[in-house]
Amino acid sequence: MAQVTVTIAGHTYRIACAEGEEAHLERLAAAYDSKIEEMRAAFGEIGDLRLHVMAAMTQADELDATRRRLTALEAELARLKSFGSSGDERTLMIETRLAEGVIKAAERIEQLARSLNVTGQG
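Attention here is on the structure that accompanies the text. Model, not experiment: these values are computed from the prediction.

Along its length, the protein chain carries 2 helices and 2 strands. In terms of overall dimensions, the protein chain is more spread out than a globule: its C-alpha atoms have a radius of gyration of 35 Å, far above the 14 Å expected for 122 residues. Dimensions of the protein chain along its principal axes, counting C-alpha atoms only, are 110 × 35 × 15 Å. Expressed as a percentage of its 122 residues, the buried residues of the protein chain come to 13%. Taking all contacts inside the protein chain whose residues are at least 6 apart in sequence as the whole, residues at least 24 apart take part in 22%. Of the roughly 9,600 Å² of accessible surface on the protein chain, 60% is carried by carbon and sulfur atoms. In the protein chain, which carries 15 positive and 20 negative side-chain charges, the distance between the mean positions of the two groups comes to 9 Å.

Put into structure tokens, the structure is as follows:
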């Protein structure tokens, strides 16, 4: 198992992770550290624990908003796929009607051609 060392709010932490996940954990830690610094700049020194909680709640809120947006986008995609498939069904129905019309027209032309041949021979 791999390990990564990250620094958050001036404290160093050693974290175990799966092989290949080191860079991902480093990015997560850097984002969290950045959020804490952002909170510190906005609110001053209000205590590490409060800053950590506020940063975590802010990131949780961002995650929740992203999940809601993803859910809405997935619903929209499903709606569009449904519309596309019903469009495919309509296209197939129109093509079938057109094919039937072409067959009827061809049959009518054959009938006319036969009647002209009979009339022309007589």
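Text resumes after the structure shown.
Inspection of every chain in the model, using the stated rule, returns 7 salt bridges. One salt bridge connects Arg40 with Asp48, and the closest N-O pair in it is separated by 3.1 Å. Classification of Arg40 by relative accessible area gives buried; the value is 17%. Taken together, the shared-partner salt bridges connect Glu37, Arg40, Glu45 and Asp48 into one network.

For the rest of this paragraph, the subject is unusual backbone geometry. Phi at Ala9 is positive, roughly 55 degrees, even though this residue is not glycine. Here Ala9 is to be found in the loop between strand 1 (2-8) and strand 2 (11-17). For Ala9, a relative accessible area of 13% translates into the label buried.

Thresholds applied
- Residue positions within a chain follow its written sequence, with the count starting from 1.
- Residues qualify for local features only when their pLDDT is at least 70, as the model is predicted, and side-chain atom pairs are given and counted only at 80 or more; totals for whole chains, interfaces and linings, by contrast, use all residues.
- Remark: hydrogens and water are excluded; side-chain values derive from all non-hydrogen atoms of the structure.
- A run of DSSP states H or I qualifies as a helix once it reaches four residues; a run of E qualifies as a strand once it reaches two. Both are numbered from the N-terminal end.
- As defined in this context, the radius of gyration uses C-alpha atoms, and a globule is described by 2.2 Å times the residue total to the power 0.38.
- Buried residues are those whose accessible area, probed at 1.4 Å on protein chains only, stays under 20% of the maximum for their type, while exposed residues exceed 50% and partly exposed ones sit between those limits.
- Here, residues are in contact when the closest pair of their heavy atoms is within 4.5 Å.
- Surface accessibility follows the Shrake-Rupley procedure with a 1.4 Å probe radius. Residue values consider only the protein chains on display as shielding.
- None of His or the chain ends enter the tally, which takes Lys and Arg as positive and Asp and Glu as negative.
- The location of each charge is read from NZ of Lys, CZ of Arg, CG of Asp or CD of Glu.
- We define a salt bridge as a side-chain nitrogen of Lys or Arg found within 4 Å of a carboxyl oxygen belonging to Asp or Glu.

These values are about where atoms sit, not about what they do.
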